[in-house]
Number of protein chains: 2
Amino acid sequence: MNAFLRAWVTLFLMLITLLCAAPTRAEDGYDLWLRYRLLAPEQAKLYQDHASELIIGHATSTQSATRSELQRGLNGLLGRDISLSDTVTRDGAIIVGTPASSALIARLSLNTQSLGNESYLIRSVVVDGHAATVIAGREDIGALYGAFHFLRLLQTGRPIDHLDLHESPRVKLRVLNHWDYLNGQVERGYAGASIWDWWKLPDWRDPRYTDYARANASIGINGTVLDNVNAGATILTPVYLEKVAALADVFRPYGIRVYLSIRFSAPMEIGGLKTADPLDPQVQAWWRAKADEIYKRIPDFGGFLVKANSEGQPGPEDYKRTHADGANMLADALAPHGGVVMWRAFVYSQTNPEDRAKQAYDEFKPLDGRFHANVLIQVKNGPVDFQPREPFHPLFGAMPKTPLMMEFEITKEYLGFATHLVYLGPLFEEVLSADTMAHGKGSTVAKVIDGSLEGHTLTGMAGVANIGTDRNWSGSDFNQANWYVFGRLAWNPTLSSRVIAEEWVRMTFSNNEAFVKPVVDMMMGSREAAVDYMTPLGLLHLMGPGHHYGPAPWDASESQADWRPVYYHHADRLGIGFDRTRTGSDAVAQYAPALAAQFNDIKQTPEQYLLYFHHVPWDYRMRSGQTLWSELISHYTQGVDDIKQMRETWSQLEGYIDAERYHQVATFLAIQEKEAQWWRDACVAYFQNASGLPLPTGYAPPAHSLNYYESLSFPYVPGFSSW
Amino acid sequence: MNAFLRAWVTLFLMLITLLCAAPTRAEDGYDLWLRYRLLAPEQAKLYQDHASELIIGHATSTQSATRSELQRGLNGLLGRDISLSDTVTRDGAIIVGTPASSALIARLSLNTQSLGNESYLIRSVVVDGHAATVIAGREDIGALYGAFHFLRLLQTGRPIDHLDLHESPRVKLRVLNHWDYLNGQVERGYAGASIWDWWKLPDWRDPRYTDYARANASIGINGTVLDNVNAGATILTPVYLEKVAALADVFRPYGIRVYLSIRFSAPMEIGGLKTADPLDPQVQAWWRAKADEIYKRIPDFGGFLVKANSEGQPGPEDYKRTHADGANMLADALAPHGGVVMWRAFVYSQTNPEDRAKQAYDEFKPLDGRFHANVLIQVKNGPVDFQPREPFHPLFGAMPKTPLMMEFEITKEYLGFATHLVYLGPLFEEVLSADTMAHGKGSTVAKVIDGSLEGHTLTGMAGVANIGTDRNWSGSDFNQANWYVFGRLAWNPTLSSRVIAEEWVRMTFSNNEAFVKPVVDMMMGSREAAVDYMTPLGLLHLMGPGHHYGPAPWDASESQADWRPVYYHHADRLGIGFDRTRTGSDAVAQYAPALAAQFNDIKQTPEQYLLYFHHVPWDYRMRSGQTLWSELISHYTQGVDDIKQMRETWSQLEGYIDAERYHQVATFLAIQEKEAQWWRDACVAYFQNASGLPLPTGYAPPAHSLNYYESLSFPYVPGFSSW
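What counts, and at which threshold
Residues numbered from 1 in each chain as written. Chains lettered and ligands numbered in written order. Predicted model: local features only at pLDDT ≥ 70, side-chain atom pairs only at ≥ 80, totals over all residues. Heavy atoms only, no water. Salt bridge = Lys/Arg side-chain N within 4 Å of Asp/Glu carboxyl O. Helix = DSSP H or I, 4+ residues; strand = E, 2+ residues; numbered from the N terminus. Buried < 20%, exposed > 50% of the residue type's maximum accessible area, 1.4 Å probe, protein only. UniProt positions renumbered as here; feature names shortened; annotations may be inferred. Pairing = 2+ DSSP bridges. Axes fitted to C-alpha atoms, helices over the stretch in contact; angles between N-to-C directions. Contact = heavy atoms within 4.5 Å. Expected span 1.5 Å × (residues − 1). Arc of directions from axis to C-beta. Parallel < 35°, antiparallel > 145°, perpendicular 65-115°, else oblique. Left-handed = near helix turned anticlockwise from the far one by under 90°.

Caption draft 1: Just the pattern of salt bridges, in detail. Residues and elements named next belong to chain B. For the structure shown, the criterion picks out 84 salt bridges over all chains. Measuring nitrogen to oxygen at the nearest pair gives 3.3 Å for the salt bridge that ties Asp-128 to Arg-107. Of this pair, Asp-128 sits in the loop between strand 4 (120–127) and strand 5 (130–137) while Arg-107 sits in helix 4 (residues 103–108); the two residues are 21 residues apart in sequence, bridging distant segments of the chain. There is no split in this pair, since Asp-128 and Arg-107 are both exposed. As a salt-bridge pair, Asp-658 and Arg-661 come within 2.9 Å of each other at their nearest N and O atoms. Residue Arg-661 is classed as buried on the basis of its relative accessible area of 3%.

Caption draft 2: The arrangement of the UniProt feature "domain: Alpha glucuronidase N-terminal" (unreviewed entry) in chain A in detail. Using the residue numbers shown here, the UniProt feature "domain: Alpha glucuronidase N-terminal" (unreviewed entry) corresponds to residues 32–150 of chain A. For residues 32–150 of chain A, the end-to-end C-alpha separation is 17 Å, with 36% helix and 23% strand making up the annotated structure.

Caption draft 3: How the structure looks around the UniProt feature "domain: Glycosyl hydrolase family 67 catalytic" (unreviewed entry) in chain A. Taken from the UniProt record, the annotation "domain: Glycosyl hydrolase family 67 catalytic" (unreviewed entry) applies to residues 154–473 of chain A. The distance separating the terminal C-alpha atoms of residues 154–473 of chain A is 24 Å; by composition the span is 26% helix and 13% strand.

Caption draft 4: Structural view of the sheet that holds strand 7 (residues 173–177) of chain B. Residues and elements named next belong to chain B. Read around the closed barrel, the eight strands follow the order 7-8-9-10-11-12-13-14; overall the barrel is parallel. Between one strand and the next, the sheet's axes are offset by a mean angle of 25 degrees, whatever the strand orientation. Inspection of the sheet shows strand 12 (residues 375–380) paired to strand 13 (residues 404–409) by four bridges, in the parallel sense. Its bridge partner lying in strand 13, Gln-378 is registered against Met-405. Helix 10 (residues 323–334) contacts strand 10 (303–306), strand 11 (340–344) and strand 12 of the sheet and is inclined by roughly 160 degrees relative to strand 11.

Caption draft 5: Fine view of helix 9 (residues 281–297) of chain B. All names here are of chain B. With 17 residues, helix 9 ought to run about 24 Å at 1.5 Å a step, and its terminal C-alpha atoms sit 25 Å apart, in line with that. Inspection of helix 9 places Val-283, Trp-286, Trp-287, Lys-290, Ala-291, Ile-294 and Tyr-295 among the buried residues, and these make up the whole buried set. Buried residues of helix 9, viewed axially, fall in a sector of 165 degrees; they line one side. Away from its buried face, by an angle of more than 90 degrees, helix 9 presents the exposed residues Pro-281, Gln-282 and Lys-296. Contacts from the buried residues of helix 9 go to helix 7 (238–251), helix 8 (266–269), strand 10 and helix 10.

Caption draft 6: How the structure looks around unusual backbone geometry. Residue A:Pro202 is reached from A:Leu201 by a cis peptide bond, and omega for that bond is 5 degrees. Inspection of the secondary structure puts A:Pro202 in the loop between strand 7 (173–177) and helix 6 (207–218). At A:Asp586, a residue that is not glycine, the phi angle is positive and equals roughly 60 degrees. With respect to the secondary-structure elements, A:Asp586 resides in the loop between strand 15 (575–576) and helix 18 (593–600). Residue classification places A:Asp586 among the partly exposed residues on the basis of a relative accessible area of 25%. With a phi angle near 50 degrees, B:Asp128 is a residue other than glycine that sits in the positive phi range.

Caption draft 7: Focus on the sheet that holds strand 2 (residues 83–84) of chain B. Residues and elements named next belong to chain B. Taken in spatial order, the six strands make up an open sheet running 2-1-3-5-4-6, and their pairing is mixed. Two strands close off the open sheet at either side, each with one partner strand: strand 2 and strand 6 (164–167). Where strand 4 lies against strand 5, eight bridges are found, and the strand directions are antiparallel. The residue of strand 5 that forms the bridge with Tyr-120 is Gly-137.

Caption draft 8: How the structure looks around the environment of B:Glu513. Residue and element names in this part refer to chain B. With respect to the helices and strands, the residue Glu-513 is situated in helix 16 (residues 513–534). For the pair Glu-513 and Glu-558, spaced 45 residues apart in the sequence, the C-alpha separation amounts to 49 Å. Residues within four places of Glu-513 in sequence aside, it is in contact with Arg-506 and Pro-518.

Caption draft 9: Geometry of the side chain of B:Lys243. Inspection of the secondary structure assignment puts B:Lys243 in helix 7. The residues contacting B:Lys243, other than those within four sequence positions of it, are B:Trp198, B:Trp199, B:Leu201 and B:Pro202.

Caption draft 10: Highlighting the packing of helix 14 (residues 479–491) of chain A against helix 15 (residues 497–508) of chain A. All names here are of chain A. Where helix 14 contacts helix 15, the axes come no closer than 10 Å and their chain directions differ by 130 degrees. Classified by the angle their axes make, helix 14 and helix 15 are oblique. As helix 14 runs across helix 15, the sense of the crossing is right-handed. Residue-level inspection shows Gln-480, Ala-481, Tyr-484, Val-485, Arg-488 and Leu-489 of helix 14 in contact with helix 15, the latter providing Ile-500, Glu-503, Trp-504, Met-507 and Thr-508.

Given below as structure tokens:
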């Protein structure tokens, strides 16, 4: 018996050795928040009794995807194979599906008929005398969403023994916009090249496409615009539509529809027509035929995204037609198939001397009510361009008869590219919770977006993707959080960005409270830090020309006045800021009367928007009692100090997570501190030169002269170079 | 006792479950041939007794790299932690190092002093009464190379019990040329973007750089040129040199030196000079200062690679100076630091009416003996441009006083891009084993390259890299073999490409003989298949204009005559081929007399070069007895049939390897068959139109009309689009 025992022990030790020696891959961020690593034993124990067997169909591709995700997730998190079963044989069964796919679920009479297409419920039930958890939707996709939610509960350490959840998306179209070119470059992309390998499509379907779909479905994203809004016509040729169809095939099981950015003049470029006039019958016929051709290949094609008559793009105004004429023509071509047009309001003219911040409103407000039923107007969160901070766009609340989509920018074009740790949740939340006052207090932007304010059922939210071929998808680990928070807020625009950050940290890194708390705090403060070291107190658009890298408040190299920083800050000996009051550009008048009055009054204007609405003397007294000049320097300095503090925080967290990701974050924070200091110093040097004022006491002077900062130039900036 | 036993068994089963449930990553090719997966038990057993403990220093970064590679490799292959020891405590020790780093090795008196810098020996020895294996070099890098060799023995299933190996590289500079631009694009790159993340350097050193260095060191590559031969001046600015230095730091432990492609006119562009005349003292001083600056940052910097006066690049001829003047000026700047100049012979003029195949020889042959001691002339393998098949370059053997480097193209610019399975080993071997007859029979190109023919000690071989950000590095699994075979042949140009293919298959995929044999056969036949479906019988340069994708024998769109296919094939009613005989362009005269006579005589010319040297009537009788016309069609058809056969072979191998790589190879072979058919059909249609001859009986006509093939156009071709 002793010998037998020894043999067992030997075998056991061998196995342990094997286990330890098994080549473990370095953590590289590829798994995103779907990181199904073995839970801590005490946590896994909580779930053992509630995950004994899986009862789920696989008759459809969505059901198969749901099944394999649950297997993958539960096996990874709990460290054992969960068995598949057709019936409940013991406590702890997980029953997943729809009344149509599962007789068991049909029998439970869960009232799934009252659920929306994409809704689900998760409920602790007793079936045939056994405790079980049911994840049910009316449609397959609801069950898939529910499965991801269930896994998230485990990943974030939540109890699962008494569940009674019911979730419905509040926004209908939850869409990523890829600013990807067909040559593989990504405009404002800081995470490598485009993940669409157009060249090898349709034959080769990279497994990464499936992981992309999984990640999106896990946060409820249900649409993706594959190509850049600065679109060419090639994407609409048969060769490329075949490639698009292959991607649509991969995404379909995950509830993700494909959309395309189209070039308004495509009928001329690939259709051989002499015009793209939206009222020309031949043009209309061409688009109808093109839509028919697309839907023949992709029956669930989502529709078109259009950037027209902006920054050089063709559009209906080339033919003296309105944006409504253009959008409606495309909408009519798509309508028979159920497609939509997402028409961008980001429009300004190179010849219009009007305040650029006013132009979109001026152009679109008069068109309210003129768009066909399947048109949405896609509006950037602020009136200028995705700056670190802007007031909300005045079109929100101003076009009651038109569904307005939100357009957020997930990629950090103006917020430090790949390396800066800037969690965008607070930015998104600030905009969504802003009150338009359109129907009095409580008329939040979120209610405009989810349709509840004006009773729209066609609703949407778009995010400009931060996704590329980098192994970690988004250029940094923390940038993944921005993709995540976008998806979660598109599902429900009233969620708290802090709660979402905490979810993400737990899923991505660790459930260790000693790690979670400081990291969430760091994330939540990070956006304000960036505002401070870049553009505090309502400043904006101070970055380098074209490439948008680094500070350049002095820059006058751009061809257009409203691409130049000086257009925005107006700094001189007397003061600083853009006067948008009634006696200035009167941009305040684009807001609801109560807000207009508030923004018009320097004393009532929130100081975070001060220099956006007012030109203010340097010696103006801020609420703190300090002069504007002192307060400006104080903010710039605070921004740098905040990053130093973030580095300090992070340095305390070594060992809580894998060395690979720890080290990359640490390196990127060091880059961020260097660049924050550069932003602060260059802006301080510039504004000091403009104001002629001495630095307030106690503040370090810039490390270099203004000349030095002005002399820097940056070839090969990512996301911009060489197109 | 029974309870105790049961507990053990339970624990054991739990562990097995855990082991099986541990999230296993999909195979994605990232590991390349350094795929240290657990060996089959019967194989691992052979090695257990010869890998009991590891005795190795870690005083230098190269020693540390060697140690961690051996630990990683042995742990992975044998499935257990190999222990580190300071002394031999039992049989099976592996002792690694140099006499300087290891007292044990010093004591063994292995005569390492007679070894070269990079040489090593691996020997089975007895130390202190114990059987052991010693891996020793004179320098650390030799020991690292030896360690990789030792691991290769295990990976390929070779015995390790009676070893007595001694290896020295036959070529001094074994260098990859990256045609990478600083904006991240790769000219002729089909594996994604550049792996150099210039933007985040020098701060962020991607762990991938280390894996790149490991892969290269494992096959003996000891240099890398980071930027494209079509170079800008920016790489020489301080900001970029700091980034280059960071890469050099990563590569240094692996014996890899960094080189840069430079722009000849850099003294004007970033130096503020009015000229780049190599005889101008200010220009000379600028380059000396630049070299000093570089070496201050990178003490072991390798040197410069230069493309001058070719395809629009600036060069010494802009100032009526010779290539020797230009190269020597740079060489003199580098000489004090030990650097070299690799000066490319790929030179032809847009205004020279001479046969393009002759121009490099015409230009460089007269300069033999005029280059300073640290200049190498880098010559492409053939006189035209990396075609599927060309005769060897006539400069080989023709410049006895000058070290000539070989330049191979690893990236498959002309051989099917990422997807076609074309193993380049036979191409490389064909060139290296070609006999220049420079000193009579046996004067092979290999002997020119390794210096033995003319007694040169400065020798080199360059390969244009096929490496990019694709997860599998090279765009396909089989393309990794081309990187591998290049390195192995650079180490020893007389190795057999079949032996190397077998090594690679075993290391990359499997040691299962049922898999190895058919895959090696398939690889060995693949290049001839590509020649057949693209450019058989000495044809070349029939591909699409600029982007080089697909067949376009008809193309006349290029601005230069010698960029047009018709320039090369001269097909008409009477015949086909380029007359390079004495009565033609007399390119034959550039070869040694015996070869010149052979190539001048249509009857003696090897048929694989027939149409390269001769314009031949369609009804010419080939050795087979068929007419040239029939034989041409036969070759084109055979090429397609070969790919069909490769698909058939591969389809029999499902299950021998992981599903992920199996599936990708299968998909790519399907693409290859489709494109091979297209090549065959388009060329047959074109040549049929030219010859006016009916297809020989038994051959299928092209699927489409010639018009159809001519009408195809390809936007966004990888490796070329939109620069």
